[in-house]
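Observations on chain architecture
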Amino acid sequence: MRTGPGTSYPRIATLDAGTGVNVARCAGSWCRVRVGRLSGWVSSGYLQGLSRPPVVVRPPVIVRPPVVVRPPHYRPRPPHHRPRPRPDCRIAPGYPCR
């Protein structure tokens, strides 16, 4: 058993023939296995009864939409109340009727 998937990784344990392992996943010809509390990589050539790589179901990744906080001056402005001029008002444009 090695620390990574390849012979260049250090050896961490030697398993006896017939030792049962739990296979987590495989990458190429190497499989990540667990034996008790020990986990590491083993060449798939040493594993028996492994007909195909295990199916690993990962939980879905949930991406929440970002929260946009805008400064107060970006808030929608309330509609302005402009009183309508009286029809009998005869003042020049730009001057309000009283």
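Above this text sits the structure in question.
Notes on the structure in this doc start here. In every chain, residue numbers begin from 1 and rise along the written sequence. Whole-chain, interface and lining totals are the exception, using all residues; otherwise, since this is a predicted model, local features are given only for residues with pLDDT of at least 70 and side-chain atom pairs are given and counted only at 80 or more. Water and hydrogen atoms were dropped before computing side-chain values, which therefore reflect all heavy atoms in the structure.

So, the state of the cysteines
The cut-off we apply is this: Any cysteine sulfur atom paired with another within 2.5 Å is treated as part of a disulfide. A simple rule labels every residue: compare its accessible area, found with a 1.4 Å probe on the protein chains alone, to the largest value its type can have, and call it buried under 20%, exposed over 50%, or partly exposed in between.
Summed over the entire model, instances satisfying the criterion amount to 1 disulfide. What pairs with Cys-26 in a disulfide is Cys-31, and their sulfur atoms sit 2.1 Å apart. Across the S-S bond of Cys-26 and Cys-31 the torsion is about 95 degrees, and the bridge reads as right-handed. Here Cys-26 falls in the partly exposed class, since its relative accessible area comes to 25%. By relative accessible area, which is 1% here, Cys-31 ends up buried.

Regarding the sheet that holds strand β3 (residues 38-43)
The strands making up a sheet associate through hydrogen bonds between their backbones, and the pairing can be parallel or antiparallel. We apply this condition: Here a strand pair is declared whenever DSSP counts at least two bridges between the two strands. Secondary structure elements follow DSSP: runs of H or I no shorter than four residues count as helices, runs of E no shorter than two count as strands, and numbering proceeds from the N terminus. The angle between two axes is taken between their N-to-C directions and runs from 0 to 180 degrees, where each axis is a line fitted to C-alpha atoms and a helix contributes only its stretch in contact.
Pairing is antiparallel in the open sheet, where 3 strands are placed in the order β1-β2-β3. Each edge of the open sheet carries a strand with a single partner, namely β1 (22-27) and β3. Within this sheet the neighbouring strands show an average axis-to-axis angle of 25 degrees, counted without direction. Where β1 meets strand β2 (residues 30-35), 5 bridges bridge the pair, whose relative direction is antiparallel.

Digging into the layout of surface pockets
Leftover empty space is mapped by rolling, across the atoms, a probe with the size of a water molecule. Rules: The way it works is a 1 Å grid over only the protein atoms, where trapped points that fit a 1.4 Å probe form a cavity and open points with protein on both sides within 12 Å along at least five of seven lines form a pocket, and then any residue with an atom within 4 Å of a point lines it. Grid points are joined across faces, edges and corners, and a volume is the space filled by probe spheres set on the points. Residue type decides the class: Asp, Glu, Lys and Arg count as charged, Ala, Val, Leu, Ile, Met, Phe, Trp, Tyr, Cys and Pro as nonpolar, and the leftover types, Gly among them, as polar.
In this structure, the largest pocket occupies an estimated 520 Å³ of space. Forming the walls of the largest pocket are 21 residues, and the residues nearest its centre are Leu-15, Asp-16, Val-42, Tyr-46 and Leu-47. Ranked by residue count, the leading element in the lining of the largest pocket is β3, at 3 residues. Counted by class, the lining of the largest pocket contains 12 nonpolar, 6 polar and 3 charged residues.

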